[in-house]
Structure formats: structure tokens, C-alpha cells
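Reading the structure
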Amino acid sequence: MIYQNDKNFALQLDQQDPLASFRSRFHIPMRQNGEEHIYFCGNSLGLQPKSTKDALHQELEDWKKYGVEGHFHAKNPWMPYHEFLTEAMAEIVGAKPIEVVVMNTLTVNLHLMMVSFYKPSGKRNKILISSNAFPSDKYAVASQIKFHGLNPDECMLILDPVEGEACHREEDIKAIIDKHGDEIALILLGNTNYYTGQFYDMKKISAWGHEKGCKVGFDCAHGAGNVPLNLHESNCDFAVWCSYKYLNSGPGSLGGVFIHERHAHDKEISRFEGWWGHKKDTRFKMRDDFEAIPGVEAWQLSNPPILSMAAIWSSLKIFKEANMDNLRKKAITLTGYLEFLVKQLGNEVVNIITPEDPAQRGCQLSIQVKHADKRLYENITKEGVIADWREPDVIRVAPVPLYNSYTDVYQFVKILEKAVQGI
Ligand SMILES: *Cc1c(COP(=O)(O)O)cnc(C)c1O
């Protein structure tokens with residue numbers, strides 16, 4: 001698309017946007033002056049769908065009305081409640097229903113996956129992780145290594161970008177796997193990096209890893225609901241994500257897990273188990289032996305929090321209507337417009353560290369402003385922008401196709417332009 005640096009052009013794009021009406025399905029946080037914020041933080045906490053309140057209310061009412069009988073008699077019976085989410089969630093991440101379950105939270109799930117897929121043995125005892133991985137992922141990895149009686153300094157193999165660059169080059173990822181493949185037990189990367197916004201080719205990385213006998217898992221916290229994940233096709237062993245970022249399911253809401261179908265009937269696989277992973281027809285017989293549900297549901301431990309699931313379901317219905325392909329299409333032009341306008345600033349202190357290739361990013365752009373400090377962020381916040389600041393000098397902004405507009409993008413860049421003057 002040929003973009004124009006012009007407010008009317010932005011308005012025109014909004015008028016032509018087939019997804020524009022979805023904005024009114026969300027609560028946009030208001031400023032004190034009664035105007036809407038420019039909310040570019042959907043990569044951190046997605047906005048609340050207006051339908052979520054009623055979804056929660058329904059479960060509170062059924063609890064009031066039925067007590068424990070709600071497990072069977074609620075409008076949406078609680079007993080199989082997680083199953084109501086599976087198909088829509090699987091569609092978003094490009095997986096088969098047997099490969100996807102909603103349970104626990106992200107870091108918990110990451111640990112559960114490492115219990116099953118990090119099996120250090122002899123020389124093959126390392127986990128490959130990126131230097132710019134999210135801190136929680138690094139803590140989880142280091143503690144798993146220690147749990148096996150090993151030393152994280154020796155067993156965490158760090159993938160660094162080339163000196164002076166923020167993003168990884170594909171050939172460097174391949175090179176480190178080729179070189180150290182027989183020492184790597186598990187490759188664990190963020191499929192869309194939280195800091196740079198780089199979106200990795202999971203299929204290639206999985207193939208490189210598998211060729212060397214490594215297990216491969218991805219943290220899709222910044223990918224789910226943002227980029228086409230095609231998890232089944234990607235052939236990775238597992239993936240985990242949360243539902244409160246792009247998936248708009250509320251603070252601390254439950255996460256999602258993918259385990260590839262090829263592990264679905266593996267009776268030898270080790271995992272931590274609980275009653276909710278037991279076969280449904282005999283679960284309540286409380287027999288001595290654990291009989292696993294085929295597929296990823298076997299990893300469930302506890303009966304899940306219905307209120308959190310109600311919020312997820314309400315959000316997934318919106319995604320089903322909007323459709324991931326349509327959202328991706330809009331995300332590419334919306335983020336492309338943001339990139340165009342930021343470049344138009346022609347200010348050499350402003351530099352986008354996210355890859356230029358739309359195939360290698362989602363909707364987030366990470367904008368580095370050299371010599372800036374947190375005052376810059378405070379200044380744009382005063383003007384009504386909600387974004388995210390990462391020390392020392394990066395603003396992360398995520399125009400989300402479900403509820404952000406081209407006008408949001410245009411106004412944001414005007415505010416940024418003013419804020420960077422004089423830096
Ligand atoms: C958001 C995020 C987390 C947060 O983990 P929780 O267990 O949900 O608190 C972890 N890893 C990555 C990559 C994230 O983006």
C-alpha cells in the first residue's frame with residue numbers, strides 16, 4: 001500500500017477497514033479529559049471486551065442458583081467447561097483440538113512442559129535460549145537445570161544477536177544448532193520476542209532442532225492472537241502462551257498449551273499428573289491408577305477456574321467472528337502505517353529495532369530513541385498514549401487490529417514527533 005502522512009488518509013483507511021466495528025466491542029480506557037486513550041499496550045494487557053461482564057455474570061448466577069450442581073446444570077456446565085474453549089483456541093494457534101488445552105498460567109505451563117521435554121542425559125544436557133528471552137522464562141529454565149542437579153552457567157546455551165544488532169539472523173540460529181546440536185536437550189525460544197517484536201520461523205527452527213535430536217518448544221506469549229502460528233505445521237514439540245495479552249482475557253487469566261499430536265498417545269512420556277488429566281468417564285471413580293486422557297488434556301492437574309475461563313471464552317468468540325486471517329491482514333497494514341509515519345519523522349535518534357519484513361514481525365514495533373530517558377515516555381503518556389517503556393531507551397507500541405485504528409497510529413506519531421524534538 002502507498003501510505004500518506006495525512007490525517008484524512010488515516011480517516012479514510014478507518015472508513016474502509018472491514019474490522020473497524022470491532023473497536024466498539026471493547027472498553028477503551030478514558031482520559032480525565034473525557035477522550036479515549038491511544039491504547040498501544042495490547043501486547044501487555046489486552047482490553048476488556050464489553051461482553052465479558054455478562055459472561056462472568058452468567059457463571060456467578062449459576063453458582064448462586066445451583067451451588068455444586070452447576071458442574072452439571074449450569075447453562076455452560078462447569079465439568080466440561082474447558083472443552084468449550086478448545087476448538088476456538090486451537091484455530092487461533094493453528095493446531096488440532098487434541099493438541100490444545102487451556103490451563104494454569106504461562107510460567108507454570110513452561111515448567112510442566114520442561115518436566116516432559118527437558119530430559120538431560122550425558123552430554124546432551126543444554127537448553128538453548130535467547131539472550132533477550134523474557135526474564136521469567138530464563139528463571140524457569142535455570143531452575144529446571146538446577147532441579148536436575150546441573151549448573152545453569154554450563155547448561156544454558158545463550159543465543160546472542162550479532163554485535164550491534166537487536167534481532168537474530170536466521171543463519172545464526174541455524175549455526176548454533178548445527179554446532180551444538182548434540183549437546184542441546186531442548187531449544188526454547190520466544191516465537192515472537194517480547195522485546196524486539198521479531199517473529200521467528202518456527203518450522204525451520206523445529207526442523208533444524210529435530211535433525212540434531214533436540215526437543216523444540218516455543219513461548220508464544222506475544223504470538224497468540226497476534227501472528228499466524230500454525231503450531232501443528234511448525235512441528236514443534238510444545239508451545240505455551242498466555243491469554244491476557246493479545247487474547248484479551250483479563251489480568252492473570254489462564255494460559256494455553258500445545259503439545260504436538262505425535263506425543264498424544266505416548267504412554268512412556270513423563271509428566272506431573274493430577275486428577276483432571278485422568279480419563280473423564282472414570283475420573284470420579286477415584287481409582288488408584290492414573291489413566292491419561294489422550295493428548296494434551298492429560299497434562300491438566302486441577303479443576304479449572306471457571307470465572308477465568310468465562311472471560312477467555314467471551315474473547316475467543318470475538319476472535320472467531322473477526323477471524324485470524326483478517327486480523328493479520330489488517331495488522332500488516334496498520335503496523336506498516338506506523339512504520340511509515342515513524343520513518344517520515346526523519347529524525348536520526350528514532351530507530352525501529354523490529355524487523356522491517358512483515359513476515360518477521362507481528363503488530364508490535366519497538367522504537368529506540370537514542371539519548372532518551374524515561375521522561376520521553378512520561379511526556380507521551382501525558383498526551384494520552386498508553387505504551388510500554390523498556391530501559392534504557394525503547395518504547396514498545398502495539399497497534400492491535402481488533403481495536404486500534406489508523407487514526408490512533410497517526411495521532412500517536414504526531415505526539416511522538418513533539419516528544420522527540422530537542423533530544
Ligand atoms: C508475558 C510473558 C510471560 C508472563 O508469564 P506469566 O507466567 O503469565 O506471568 C512469560 N514469558 C513471556 C515471553 C511473556 O511475554
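Residues numbered from 1 in each chain as written. Predicted model: local features only at pLDDT ≥ 70, side-chain atom pairs only at ≥ 80, totals over all residues. Heavy atoms only, no water.

The subject of this paragraph is the nonpolar core. Grouped together as the largest cluster of nonpolar side chains are 66 residues, with contacts concentrated most on V93, I187, I205, L231, W241 and L402. For this core, the leading source of residues is helix α11 (residues 306-322), giving 9 residues. Viewed by domain, this core spans two of them, domain 1 (7-49 + 324-420) and domain 2 (80-320), each represented by three or more residues. Not counting the four nearest positions on each side in its chain, I205 is found in contact with I173, I177, I187, L189, Y200, V216 and F218. Counting residues in hydrophobic clusters, the runner-up holds 36 residues, among them F40, Y377, A387 and A419. (Core = buried A, V, L, I, M, F, W, Y, C linked by side-chain atoms within 4.5 Å. Buried < 20%, exposed > 50% of the residue type's maximum accessible area, 1.4 Å probe, protein only. Helix = DSSP H or I, 4+ residues; strand = E, 2+ residues; numbered from the N terminus. Domains from an automatic or database assignment. Contact = heavy atoms within 4.5 Å.)

For the bond from E391 to P392, the omega torsion is 5°, close enough to zero to count as cis. Relative to the helices and strands, P392 resides in the loop between β12 (388-390) and β13 (394-397). Although it is not a glycine, N235 sits at a positive phi angle of roughly 70°. The residue N235 is located in the loop between α10 (231-234) and β7 (238-242) in this model. Using a relative accessible area of 32% as the deciding quantity, one classes N235 as partly exposed.

So, on to the site of the ligand. Within the structure, the ligand sits among L106, T107, F134, D137, D219, A221, H222, Y244 and K245. Coverage of the ligand by the protein amounts to 82% of the 390 Å² it exposes when considered alone. When grouped by side-chain class, the residues that make up the shell around the ligand number 4 nonpolar, 2 polar and 3 charged. (Near = heavy atom within 4 Å. Areas by Shrake-Rupley, 256 points an atom, 1.4 Å probe, with all protein chains shown as cover. Nonpolar A, V, L, I, M, F, W, Y, C, P; charged D, E, K, R; others polar.)

You can read the domains of the chain as domain 1 (7-49 + 324-420) and domain 2 (80-320). One C-alpha centre belongs to domain 1, the other to domain 2; they are set 28 Å apart. Summed over both sides, the interface of domain 1 with domain 2 buries roughly 2,200 Å², with 61% coming from carbon and sulfur. The largest contributions to the domain 1 side of the interface with domain 2 come from P49, M324 and I353, which together make up 23% of the buried area. Across the domain 1-domain 2 interface, the total number found is 0 salt bridges. On inspection of domain 1 and its partner domain 2, the count reaches 10 residue pairs in polar contact (both at pLDDT 80 or more). Among the secondary structure elements, those contributing two or more residues to the side of domain 1 that touches domain 2 are α12 (324-344) and β13. Tallying contributions element by element places α12 first for the side of domain 1 that touches domain 2, with 3 residues. A per-class count over the side of domain 1 that touches domain 2 returns 16 nonpolar, 9 polar and 5 charged. (Buried area = accessible area lost by both parts, 1.4 Å probe. Salt bridge = Lys/Arg side-chain N within 4 Å of Asp/Glu carboxyl O. Polar contact = N/O pair within 3.5 Å; in protein donor to acceptor, adjacent residues only side chain to side chain.)

All right, on to a nonpolar patch on the surface then. On the surface, a cluster of nonpolar side chains totalling about 310 Å² of accessible area is made up of L60, W63 and L307. Note on placement: L60 falls in helix α2 (residues 52-66). We classify L60 as partly exposed; its relative accessible area is 38%. (Patch = residues over 30% accessible without salt bridge, like charges linked within 9 Å, V, L, I, M, F, W, Y side chains within 5 Å.)

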